[in-house]
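Listed here are the chains, written in short residue letters.
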Amino acid sequence: MALQLGDKVPNFNQDSTEGPIDMYEYAGNNWLVLFSHPKDFTPVCTTELGAVAKLKSEFDKRGVKVLALSVDSVSSHKEWIKDIEDTQKSKVNYPIIADQDRKVANLYGMIHPNEDNVFTVRTVFVIDPDKKLRLFLTYPAPTGRNFDEILRVVDALQLTDRCKVATPVNWNRGDDVIILPSVSEEDANKRFPDGYETIRPYLRITKDPDLVGVS
Ligand code: BEZ
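First, a word on what this report is: a plain description of the structure on this page. These numbers come from a predicted model, not from an experiment. (Residues numbered from 1 in each chain as written. Predicted model: local features only at pLDDT ≥ 70, side-chain atom pairs only at ≥ 80, totals over all residues. Heavy atoms only, no water.)

1. Some details on the sheet that holds strand 9 (residues 177–179)
Consideration 1: Here four strands make up an open sheet; going across it, the order is 8-9-11-10 and the pairing antiparallel. Looking at which strands have only one partner, the edges of the open sheet turn out to be strand 8 (165–166) and strand 10 (197–200).
Consideration 2: Note that strand 9 and strand 11 (residues 203–206) share two bridges and pair antiparallel. Bridge pairing in strand 11 places Ile178 opposite Ile205. (Pairing = 2+ DSSP bridges. Helix = DSSP H or I, 4+ residues; strand = E, 2+ residues; numbered from the N terminus.)

2. What about helix 3 (residues 74–88)?
Consideration 1: Over its 15 residues, helix 3 runs 20 Å from end to end, which matches the ideal 21 Å to within 8%, given 1.5 Å per residue.
Consideration 2: Where helix 3 is buried, its residues contact helix 2 (43–61), strand 4 (64–70) and strand 5 (96–98).
Consideration 3: Lys89 occupies a position one or two residues after helix 3 and carries a positive phi of about 55°. (Expected span 1.5 Å × (residues − 1). Contact = heavy atoms within 4.5 Å.)

3. Some words on the site of the ligand
Consideration 1: Around the ligand sit Thr42, Pro43, Val44, Cys45, Arg122 and Ala141, and those are all the residues in its vicinity.
Consideration 2: Contact between the ligand and Cys45: an oxygen atom at 3.3 Å from a main-chain N or O atom of the residue.
Consideration 3: Isolated, the ligand exposes 260 Å² of accessible area, and the fraction of that covered by the protein chains is 72%.
Consideration 4: For the shell around the ligand, the residue count by class is four nonpolar, one polar and one charged. (Near = heavy atom within 4 Å. Polar contact = N/O pair within 3.5 Å; in protein donor to acceptor, adjacent residues only side chain to side chain. Areas by Shrake-Rupley, 256 points an atom, 1.4 Å probe, with all protein chains shown as cover. Nonpolar A, V, L, I, M, F, W, Y, C, P; charged D, E, K, R; others polar.)

4. Comments concerning the pattern of salt bridges
When charged atoms on two side chains of opposite charge get close, those side chains can pair.
Consideration 1: Counted under the stated rule, the structure contains 15 salt bridges.
Consideration 2: Where Lys82 meets Glu79, a salt bridge forms, and the shortest distance between an N and an O atom there is 2.9 Å. Note that Lys82 and Glu79 are positioned in helix 3 at a spacing of three residues, about one turn of the helix.
Consideration 3: Judged by relative accessible area, which is 51%, Lys82 ranks as exposed.
Consideration 4: The class for Glu79 is partly exposed, based on a relative accessible area of 42%. (Salt bridge = Lys/Arg side-chain N within 4 Å of Asp/Glu carboxyl O. Buried < 20%, exposed > 50% of the residue type's maximum accessible area, 1.4 Å probe, protein only.)

5. Overview of the side chain of Gln88
Consideration 1: Structurally, Gln88 is set in helix 3.
Consideration 2: Under the relative-accessibility criterion, Gln88 is labelled buried at 18%.
Consideration 3: Within the structure, the side chain of Gln88 is placed 3.0 Å from the side chain of Thr87, a separation counted as a polar contact.
Consideration 4: Those residues in contact with Gln88 that lie beyond four places of it in its chain are Thr46, Thr47, Gly50, Lys54 and Asp83.

6. Digging into the packing of aromatic side chains
Consideration 1: The tally for this structure, following the rule as stated, stands at six aromatic pairs.
Consideration 2: Consider the rings of Tyr108 and Phe125, whose centres lie 5.2 Å apart with planes at 85°: the pair is edge-to-face. With Tyr108 in the loop between helix 4 (103–107) and strand 6 (122–127) and Phe125 in strand 6, the pair connects residues that are 17 residues apart, well separated along the chain. For the pair Tyr108 and Phe125, a shared accessibility class is recorded, and that class is buried.
Consideration 3: In this structure an aromatic cluster arises from ring pairing among Phe12, Tyr108, Phe125 and Phe136.
Consideration 4: Cation over ring: Lys65 sits above Tyr26, and NZ or CZ is 4.5 Å from the ring centre.
Consideration 5: For the cation-ring pair, Lys131 lies above Tyr24, with the distance from its terminal atom to the ring centre recorded as 5.7 Å. (Phe/Tyr/Trp six-rings, centres within 6.5 Å; stacked < 30°, edge-to-face > 60°. Lys NZ or Arg CZ within 6 Å of the ring centre and 35° of its normal.)

7. Brief notes about the nonpolar core
Consideration 1: Grouped together as the largest cluster of nonpolar side chains are 27 residues, with contacts concentrated most on Val33, Phe35, Leu49, Phe59, Tyr94 and Val126.
Consideration 2: Counting only elements with at least two residues in this core, the list comes to strand 3 (31–37), helix 2, strand 4, helix 3, strand 6 and helix 5 (147–163).
Consideration 3: Listed in part, the 20 residues of the second largest apolar core include Ile21, Leu34, Ala105 and Ile127. (Core = buried A, V, L, I, M, F, W, Y, C linked by side-chain atoms within 4.5 Å.)

Here's what the structure looks like:
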């Protein structure tokens, strides 16, 4: 059965551009963003891998490790990295899994046979430090992903975990947030000393806790 939100994700061992990787060990106590690419030397993937390299310090700040995957060999990946660095003007500063036998792709449901039965689609798995699947996205091969959006959802997930708040439509860091409906009024009064606005009993708005030092 396909992985679902809240599932503990399975571990895997596979070769990569930085040597053999045990995924659980690589992630350690960090968050992990695992993302797949259809194939080496393809244009959209080339831009994506360059963009993720440029965002690496943003992932680092949030305690997130990144791990890419493509179904070609380590030697192919290493040749491709030269192109990525040359064309995207960024150094690939994270490993790319060489999933030639599709072990990880099959384990994580990255191959969608009615789309393509050889190459992976573009998946993103956001995995928390307990190895629970917190978010996944699936895009078709010709559509590049927005990795700023991945950072945004990591911010939202981490804020929810720390502060018992949810994030409204189009939320970005610093915007107002919603107190989780499961938080009682008594608890809300303690947790959000700067107050909150009750628009409906289920819709209580407060400042981003990171702005007011509540977290
Ligand atoms: C790409 O990564 O550029 C790509 C891969 C497969 C189909 C179309 C585009």
